[in-house]
Amino acid sequence: MRSVVIDPGGYGRRSRRRPLSALLAVVALLLAALSAQAGVASRAAAASCGTTDLAQNRPATASSLENSSFPASNAVDGNTGTRWSSGFSDPQWLQVDLGSTQTICQVVLNWETASGKAYQIQTSNDATNWTTIYSTASGPGGTETLNVSGSGRYIRMYGTQRNTQWGYSLWEFSVYGSGGGTPPPPTGGSLGSNVVVFDPTMSQTTIQNQLNSIANAQGGNEFGTARYAILFKPGTYGSAANPLIFSVGFYESVAGLGLNPGDTVINGTVDVYNQCNGGVQTQCYATTNFWRSLTNLTINVTGMTGCYAGDDFWAVSQAAPLRRVHINGNLSLMDYCTGSPDWASGGFIADSEFTGGTVTNGSQQQFFTRNSSLDGWSNAVWNQVFCGDPGAPAQSFASNSGDSGGPNSYTTLANCPETREAPYLYLDASGNYQVFVPSLQTNSSGPTWLNGSTPGVSLPLSTFFVVQPSATTDQINAALAAGDNLLFTPGVYQVPSTISVTHPDTKIVGLGFPTLVPSNGNTTLNIADVNGVNVTGVIFDAGPVTSPTLLTVGTAGSGVSHAADPVTLDDVFFRIGGATAGSAATALVDNSNNSIVDDAWIWRADHGAGAGTWTGDQSDTGLVVNGNNVVATGLAVEHFQKNETVWNGQGGEVVFFQNENPYEVPNQASWMSSSSQKGYPAFYVAPGVTSFQGYGMGSYSYFDQSQDIHNAMAFQAPNTSGVQFHDLLTVFLNGSGGIDSVINGTGQPVSSTFGGPSDVVSYP
């Protein structure tokens, strides 16, 4: 049952004639009584509603904007001095994500002059299938209080006819409920069975056997569903006489539980080795050693024999970060002992210290290291980038770097721009779990913990909803709406509707590479235009129905500065296909000003589920940056079908970028950015951008369909003094065709004739 109470602004009319009969007076009294009864009914209906505006500060979207001054968010900001305004046409809509399913009993529309005459109020559980709970063809404008009955997570005003020649414009769109929504779940609690915690008092044999069992299961589990977090309580494990030696497989995050890396010590090695295809010793590579991590502990390298003696091996490619580690001894980033040819294509190191030995880069085609103290680095291949690393090799990138007789391709920055280290789990002095959140740093160099504890704050586990794979999206959103943080435990999570973050400084921490998969073509995670949100250690997979995005950060067109407390994305990995066939228009859209993206691999799969054909795993773009003053450190975007990275924001900075063009382009006609430009750039800076800095950026081609496919340029940007690139390169890996220039027609082509690298030291 519905009723409507209308206050169109106090319109009224005074009678100029006296009543001519008592009959008319009686009729008037009867009408007044009926009106009073209707008013009582309306007030009774309203009284059963809650008084909290469920829509306030929730994520809002709209069919259009009159211009960027009137975003959808204005209609739910609680401020009657700001408004949303649409384009001047029909139909138009304003939609709000309430975060979880709500029982809705009242909607209040506070219209500006440009109001709706014919419109519907609709609800939905998936933002796709809508139910109408109110409809009118004679909306009067002003403030309309609609008593309705319905439920849903999403609600929208859907207008089909306007009262004026302008669009639809709402000062506020308020929604009230009568209870029945999902209550916030309890915080804290068990970390689940796939979080394995070791104690130094345990038998080393027991520890070794369990580590070996997990490594054996995960060693070839590239697209499996099993995931583990392996945590070591503070203390010492192994000894020179009896070292602890183990391997790390797919979806294993290994971490110490001390506040600082020196609190947890392993005497031995923690290793990642080549995988040999079919066991053939001439087909051994590290190029698919993805999705694993090592953090917050010290390794005193000891115990191996033969070729492996004296080194800890971390032979990995993308999505395999080393963070907050102290390695005392040699570290090799390639496995030169297990078969051949030992190729590797990584990788990422941050906030770490290396003493007593050299880091062997070896065959690593590219690698990024920041805020780490180095005791030697062996060599470069194509693109080795250092940022704020005492002891790093000197800058030496040149026009012939990587060529025979040329200098090492080292890009070395003395300091890193804005950085904020990833939050991490630890045990306090009382044995309670806390999450430590490091502070923002600017123009930094060296590890945060080398001269004392890392600056930052601790958050007790009681402030986190510990998310298990059995949790529902409604429960997750209810926790977020209550102001709780999220700690995802290892597993694969089906996400049928968007997870919405609306509170500033919300922390979302993943253990053991939790993987979120949208199941209804929805955006997986949406972060409102607020300060200080962090997402770390999470994989975002595309689902079977095309999503507009997998992760959206901030509000498009926002002018809000977050410089003092930016949103940060650390160790976030995106997959279009591979584990699950899927599609998304764009993997990541970052609208948040001053945000930081640190170690992101955004990958349209070249192998695995849905991969191998141009029509499989559809996705145009990996990353779109609309925010201003965004910093990306350690960025890889690969195989997308159009402009792979689009940078629209001003003042951006990228330190290290790695790309491969899509492999399976069927013909040139299918891959043209315009009638005259072949292919699509790996990195596209929009024409209106006037300020940007890029350092150490490479793009490679391998067109594998035996067609003469060409990409006109790997990088495309405005030719203006404020948009600057440093140390760019292209490489022809294999296949046919090639890349015709490095940037804007500048730089030697790479092809089967000249494989590269083709280097451009600076542009323009």
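In the block above lies the structure referred to throughout.
Conventions and cut-offs
- Residues numbered from 1 in each chain as written.
- Predicted model: local features only at pLDDT ≥ 70, side-chain atom pairs only at ≥ 80, totals over all residues.
- Heavy atoms only, no water.
- Pairing = 2+ DSSP bridges.
- Helix = DSSP H or I, 4+ residues; strand = E, 2+ residues; numbered from the N terminus.
- Axes fitted to C-alpha atoms, helices over the stretch in contact; angles between N-to-C directions.
- Polar contact = N/O pair within 3.5 Å; in protein donor to acceptor, adjacent residues only side chain to side chain.
- Contact = heavy atoms within 4.5 Å.
- Phe/Tyr/Trp six-rings, centres within 6.5 Å; stacked < 30°, edge-to-face > 60°.
- Salt bridge = Lys/Arg side-chain N within 4 Å of Asp/Glu carboxyl O.
- Buried < 20%, exposed > 50% of the residue type's maximum accessible area, 1.4 Å probe, protein only.

## Examining the sheet that holds strand 29 (residues 433–438)
Right, so step 1: Spatially, three strands are ordered 28-29-31 in an open sheet, and the strand pairing comes out antiparallel. In this open sheet, the two edge strands, each paired with only one partner strand, are strand 28 (424–427) and strand 31 (456–460). Across the sheet, the mean angle from the axis of one strand to that of its neighbour is 35 degrees, orientation sign disregarded.
Right, so step 2: In terms of strand pairing, strand 29 meets strand 31 through five bridges, oriented antiparallel. Looking at strand 31, one finds that Phe436 is bridged to Ser458.

## With respect to the side chain of Gln434
Right, so step 1: Its place among the elements puts Gln434 in strand 29.
Right, so step 2: For Gln434, the side chain forms a polar contact with the side chain of Asp428, separated by 3.1 Å.
Right, so step 3: With sequence-adjacent residues up to four places away left out, Gln434 is seen in contact with Tyr424, Leu425, Tyr426, Asp428, Ser458, Leu459, Pro460 and Leu461.

## Some remarks on the packing of aromatic side chains
Right, so step 1: Taken as a whole and assessed by the stated rule, the structure comprises 44 aromatic pairs.
Right, so step 2: On the numbers, 6.4 Å between centres and 45 degrees between planes, the contact of Phe250 with Trp291 is tilted. Here Phe250 is found in the loop between strand 12 (244–247) and strand 13 (252–256), whereas its partner Trp291 is found in the loop between strand 16 (284–285) and strand 17 (292–301), with 41 residues between them in sequence.
Right, so step 3: Relative to Phe725, the ring of Phe683 has its centre 6.5 Å away and its plane inclined at 85 degrees; by these criteria the two rings are edge-to-face. Here the residue Phe683 occupies a position in strand 48 (residues 683–685), and Phe725 occupies one in strand 52 (residues 723–735), the gap between them amounting to 42 residues.

## Description of the pattern of salt bridges
Right, so step 1: This model, assessed by the stated rule, comprises 13 salt bridges.
Right, so step 2: The partner of Asp541 in a salt bridge is Arg575, and the shortest N-O contact between them spans 2.7 Å. Of this pair, Asp541 sits in strand 39 (residues 534–541) while Arg575 sits in strand 41 (residues 568–576), placing them 34 residues apart in sequence.
Right, so step 3: The class of Asp541 is buried, set by a relative accessible area of 2%.

## Some details on the pairing of strand 4 (residues 92–111)
Right, so step 1: Among the 20 residues that make up strand 4, 17 are buried, leaving the element largely enclosed by the rest of the structure.
Right, so step 2: One ladder, built from three bridges, connects strand 2 (residues 60–62) with strand 4; its direction is antiparallel. Of the residues in strand 4, the one forming a bridge with Ala60 is Val96.
Right, so step 3: Where strand 4 lies against strand 7 (residues 143–162), 14 bridges are found, and the strand directions are antiparallel. From the neighbouring strand, Trp93 faces strand 7, where its bridge partner is Tyr158.

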